[in-house]
Every structure is written in C-alpha cells, then in structure tokens.
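# Coordinates in review
Each chain, letter by letter, is given below.
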Amino acid sequence: MSSDIMKDFDTIAPVKRFARIGGKEVDVSVFSTRATLKLIDMTDSPEKIQNLENGKNIESFVEVVATACQRSNPKITADWLMDNVDMFTLVEFSKFVLEPIIQKLEEIKPAEDTEKNCQ
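This text gives an overview of the structure that appears in the document.

What follows is about the overall build of the protein chain. Helix and strand counts for the protein chain come out as 5 helices and 2 strands. Within the protein chain, buried positions represent 28% of all 119 residues. Within the protein chain, contacts between residues separated by at least 24 positions form 61% of all contacts whose residues are at least 6 apart in sequence.

If you want it as structure tokens, here you go:
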C-alpha cells in the first residue's frame with residue numbers, strides 16, 4: 001500500500017487578467033509573492049500609507065506594479081512605466097493590477113482583527 005500524497009497546486013489558478021499599456025500586453029493574473037511582500041512593506045504602518053496618499057514614495061509603488069507585470073512581460077519595468085505612461089493612466093493601470101491582491105489582503109485583515117478580539 002502506497003502512502004504517497006500528491007496535491008496539485010497548479011489547479012488553483014486565478015482568473016486570467018490581461019492589460020495593454022503603452023502598446024505592451026501583460027498578464028497580471030498572478031500577483032507574485034515578491035510583489036506582495038513589497039506592497040506589504042510599503043503599507044505596514046499608517047505613516048507609510050499616509051506618505052503614499054500624499055504622493056511620497058511613488059517610485060517604490062510603481063516598482064511594485066512593475067514587479068507584478070514582469071512575470072509575463074519583462075520589458076515593463078518601473079522606469080519603462082514612468083517614462084512611457086502618463087500619470088492618470090498609470091494610476092488606473094495600478095488599480096487594475098493591484099485589485100486582486102488588495103481584495104485578498106482586505107479579506108485577511110478582518111479575520112485577523114476577529115482573532116485579536118477573541119484573545
């Protein structure tokens with residue numbers, strides 16, 4: 001009798017999400033762990049969030065968006081985005097790229113708050 005266990009995590013596939021920006025197509029279906037950790041680091045305190053809202057640390061924010069894009073299109077770097085896309089388009093593009101991860105983080109946060117209140 002075999003006791004091998006096989007769990008195929010490739011079957012947990014996110015919904016396909018594609019975008020076109022500056023004539024380049026990018027698959028933003030998967031928000032990498034690297035991009036997620038960068039985003040968490042940038043937003044892990046009220047001060048850091050306030051800085052972002054006030055327009056500080058924008059380059060780092062664009063770096064997170066670029067990191068999320070580079071898995072499918074390595075040409076999309078932070079420098080490329082800042083040099084080839086106007087600010088308003090970049091903001092809307094960033095919202096689209098970050099939408100799934102922001103939703104996931106918001107789902108996790110209420111669960112964490114509930115756990116803290118139970119302790």
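Having seen the model, we can carry on.
Let us look at the packing of aromatic side chains. For the coordinates displayed, the defined rule picks out 0 aromatic pairs. For Lys-7, the ring lying beneath its charged end belongs to Phe-9, and the centroid distance is 5.8 Å. The ring of Phe-96 carries Arg-17 above its face, with NZ or CZ at 3.9 Å from the centroid.

Let us now look at the nonpolar core. One finds Phe-31, Cys-69, Leu-81, Phe-93 and Val-97 to be the most contacted residues of the largest nonpolar core, which totals 25 residues. Breaking this core down by element, the ones donating at least two residues are strand S1 (18–21), helix H1 (33–42), helix H3 (58–70), helix H4 (78–84) and helix H5 (87–118). Looking at this core element by element, the count peaks at 6 residues for H3. Not counting residues within four places of it along the chain, the set of residues in contact with Phe-93 comprises Ala-19, Ile-21, Val-26, Val-65, Cys-69 and Leu-81.

Another point: H1. Buried residues of H1: Ala-35, Thr-36, Leu-39 and Met-42, and no others. Viewed end-on, H1 has its buried residues packed into an arc of 130°, placing them on one side of the element. Opposite the packed face of H1, turned more than 90 degrees from it, sit the exposed residues Thr-33, Arg-34 and Leu-37.

Time to look at the layout of surface pockets. Approximately 250 Å³ is the volume attributed to the second largest pocket. What lines the second largest pocket is simply Pro-14, Ser-29, Val-30, Phe-31, Thr-36, Pro-100, Ile-101, Lys-104, Leu-105 and Ile-108.

Let us now look at the pairing of S1. Within a regular strand, side chains alternate between the sheet's two faces. A one-sided burial pattern is seen for S1, the buried positions being Ala-19 and Ile-21 and the unburied ones Phe-18 and Arg-20. With 4 bridges connecting them, S1 and strand S2 (residues 24–27) associate as antiparallel partners. Paired with Phe-18 across the two strands is Asp-27, which belongs to S2. Taking the residues that link successive antiparallel strands as the turn, the S1-S2 hairpin has 2 residues, and the phi of Gly-22 there is positive, at about 55°.

Criteria and thresholds
- Residues numbered from 1 in each chain as written.
- Predicted model: local features only at pLDDT ≥ 70, side-chain atom pairs only at ≥ 80, totals over all residues.
- Heavy atoms only, no water.
- Helix = DSSP H or I, 4+ residues; strand = E, 2+ residues; numbered from the N terminus.
- Buried < 20%, exposed > 50% of the residue type's maximum accessible area, 1.4 Å probe, protein only.
- Contact = heavy atoms within 4.5 Å.
- Phe/Tyr/Trp six-rings, centres within 6.5 Å; stacked < 30°, edge-to-face > 60°.
- Lys NZ or Arg CZ within 6 Å of the ring centre and 35° of its normal.
- Core = buried A, V, L, I, M, F, W, Y, C linked by side-chain atoms within 4.5 Å.
- Arc of directions from axis to C-beta.
- 1 Å grid on protein atoms, 1.4 Å probe; cavity = no way out; pocket = protein on both sides within 12 Å on 5 of 7 lines; lining within 4 Å.
- Points joined across faces, edges and corners; volume = space filled by probe spheres on them.
- Pairing = 2+ DSSP bridges.

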